[in-house]
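Results of the structural survey
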Amino acid sequence: MNLHEYQGKELLSSFGVRIQRGIVAQNAKEAVAAAKKLTEETGTGWHVIKAQVHAGGRGKGGGVKLAKSLEEVETITGQIIGMDLVTPQTSAEGKRVHQVLVTEDVYYPGETETSEFYVSVLLNRGTGRNMIMYSTEGGMDIETVAEETPHLIFTEEVDPATGLLPFQARRVAFNLGLSGLAFKEMTKFVTALYTAYVKSDSSLFEINPVLKTSDNKIMAVDAKVSIDDNALFRHKDLAALRDLREESAIEVEAGELGLNYVDLEGNVGCMVNGAGLAMATMDLIKQAGGEPANFLDVGGTADAARVEAAFRIILKDPEVKAILINIFGGIVRCDRVAQGIVDAYKNMGDAIKVPIIVRLQGTNADIAKKLIDSSGLDVQSAVQFQEAADKVQAVLN
Ligand code: GDP
Ligand code: MN
C-alpha cells in the first residue's frame, strides 16, 4: 500500500527523521491558513505547494510550485487542486488532484550551498537483506542516474541480526561527501530512516531529494513510502491511511470480492486459478497475438459464485473482446468448475457478449469438456494449452 507524501513524512517524523514541515490542505482557503501557520512556526516567507497523488515526477508535470506570497499560495492551490496531473509515472489521462501539501520553503539562501541527495531503503531480493541505496545525484530520476552514472549509486546492506551498524551510517555520510555537522546529521538521518522502515514493515522508502540545507541540516523533502500489504494487519493506524481514490475502482471492488485482480491495457480477459498459471496464461495470450486485459487469480475455490463475480469484474472493462478461462483442477474438480461456468453464464443472461474459451485440465477434465460442449452456450472448450491459444487467435481475427 502506497502512502501520500504527507502521510509518509508524518510516519518518518514519528521515528525522528527530520522532514520539511508541511500541512495538508483540501482547498485554497485551507492552504492559506496552513501557510500562515507554517510562517508562525518556522519563520518561512515562501511556501511550496505540492500535489498529493500516488505518482512521482510531480515537479515535472507542474504539480510542485513555489509560492512567494499568500496570494500565490491561494492561486497556485486553486490551479493544482482539481487538475489531472500528468507525470512520467502516470497514464496519459493523469491523476486527479484532491489535496495539496503546503510546505515551508527549505531552499533558502545561506552562506553555504544546499545539495540534494537520493536515499532509499528496500529489500535486495538477491541476498534477502534490506539495503540502503543512495546517491549524490538527488532530485534526478534514479533510473537515469543508474543508466548514465552508475558509479554514483552506492548500497549498504544490512545484516538482519545486527541491524544497521553505526559504521555503516557513517559510511553513507562519507560517501555522500559530507563533513562536520552535515556528516553527523546524515548518520542520524539514515539511522532513524532505517528504524522507521523496519518498524513500519515497509517494502520501500524512497526519499528524493534528501536535502542538505544551507545551515547543514539534513531533511526529507519528498517521501515515497510503500507499506507491505501482508503486514498491514498489525498496523491498523497505517492501514487507515489508505486512500481509495488513488486506486483503480475495479481493483478495489475485486479485492472486496476476494479476487486477486490487476487491470491491464489489453483486450483478452483472463480468469485463472493460481498466480503462476495466470502469468503463463498471459504469456499464452501474447503469443496468440492478443494482449491480456487483466491479471485475475480466482483462487482455489472456483465455484459458480466466484466465477460469476470474476465474469462481472472482467466485463467491466469495455476493451475486453474475448475471455480465456484457464483452470487447473487439482483440489477443485474440473467438472465442478465447468458446472460453475455454465451456471454463472446462465445466471448472467445477456450480460456476456464476448466469446469465451475455456481450458480445463486436471481431475475430471474430460467430463468437464463434455459439460461445456453440451451446454448450448457460446463457450468453446480446449484441453491443451496450444489449442486454447489457437482458439483465442481465431476469435480475435
Ligand atoms: P516529485 O517531482 O514528485 O519527485 O516531487 P518532489 O517532492 O521531489 O519535488 C520536486 C522538486 O521540487 C524537488 O526536487 C525540489 O527541487 C523542489 N522543491 C521541493 N521543496 C522545495 C522547497 O522548499 N523550495 C524550493 N525552492 N524547491 C523545492
Ligand atoms: Mn521527488
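Report on the accompanying structure. (Residues numbered from 1 in each chain as written. Chains lettered and ligands numbered in written order. Predicted model: local features only at pLDDT ≥ 70, side-chain atom pairs only at ≥ 80, totals over all residues. Heavy atoms only, no water.)

Comments concerning the coordination of the manganese ion (ligand 2)
Coordination of the manganese ion (ligand 2) by the protein comes from Asn208 (O) and Asp222 (OD), over a distance range of 2.2 Å. Taken together, the residues span a long stretch of sequence, with Asn208 in strand 10 (residues 202–212) and Asp222 in the loop between strand 11 (218–220) and strand 12 (224–227) at a distance of 14 residues. Each member of the pair Asn208 and Asp222 is classed as buried. (Donors = N, O, S within 2.8 Å, 3.2 Å for Na, K, Ca; no water. Helix = DSSP H or I, 4+ residues; strand = E, 2+ residues; numbered from the N terminus. Buried < 20%, exposed > 50% of the residue type's maximum accessible area, 1.4 Å probe, protein only.)

Concerning the nonpolar core
One recurring pattern in soluble globular proteins: nonpolar side chains tend to sit buried together. Ranked by internal contacts, the top residues of the largest apolar core, which has 37 residues, are Leu12, Met186, Phe189, Leu193, Phe205, Ile207 and Val210. The dominant element in this core, judged by the number of residues it contributes, is helix 6 (residues 180–199), at nine residues. Apart from residues lying up to four places away in sequence, Leu193 is in contact with Leu12, Val17, Val119, Val121, Phe205 and Ile207. One finds Leu259, Ala302, Val337 and Val354 within the second-largest nonpolar core, a separate group that totals 36 residues. (Core = buried A, V, L, I, M, F, W, Y, C linked by side-chain atoms within 4.5 Å. Contact = heavy atoms within 4.5 Å.)

Notes on the sheet that holds strand 3 (residues 64–67)
Spatially, 1-6-2-3 is the arrangement adopted by the four strands of the open sheet, whose pairing is antiparallel. Bordering the open sheet on either side are strand 1 (22–25) and strand 3, each of which pairs with just one other strand. Each neighbouring strand pair of the sheet contributes to a mean axis angle of 25°, computed without reference to strand direction. Sheet analysis places strand 2 (residues 47–51) next to strand 3, joined by four bridges and oriented antiparallel. Looking at strand 3, one finds that Ile49 is bridged to Lys65. Lying over the sheet, helix 3 (residues 70–80) contacts strand 2, strand 3 and strand 6 (100–104), oriented at roughly 165° with respect to strand 3. (Pairing = 2+ DSSP bridges. Axes fitted to C-alpha atoms, helices over the stretch in contact; angles between N-to-C directions.)

What about helix 2 (residues 28–42)?
What sets the pattern is the α-helix's 3.6 residues per turn: residues three or four places apart point alike. Over its 15 residues, helix 2 extends 21 Å from the first C-alpha to the last, a length consistent with the 21 Å expected when each residue adds 1.5 Å. In this fold, the buried residues of helix 2 make contact with strand 1, strand 2, helix 3 and strand 6. Looking one or two places after helix 2, you find Gly43, whose phi comes out positive at around 80°. (Expected span 1.5 Å × (residues − 1).)

Observations regarding unusual backbone geometry
Each neighbour pair has its own omega, and for Asn208 with Pro209 the value is 10°, a cis peptide bond. Positionally, Pro209 belongs in strand 10. For Asp201, which is not glycine, the phi dihedral falls at a positive 55°. Looking at the secondary structure, you find Asp201 in the loop between helix 6 and strand 10. According to the relative accessible area criterion, Asp201 is buried, its value standing at 18%. Even without being glycine, Asn364 reaches a positive phi, approximately 60°. By the secondary structure assignment, Asn364 is in the loop between strand 17 (356–362) and helix 12 (365–373). The exposure class assigned to Asn364 is partly exposed, which follows from its relative accessible area of 25%.

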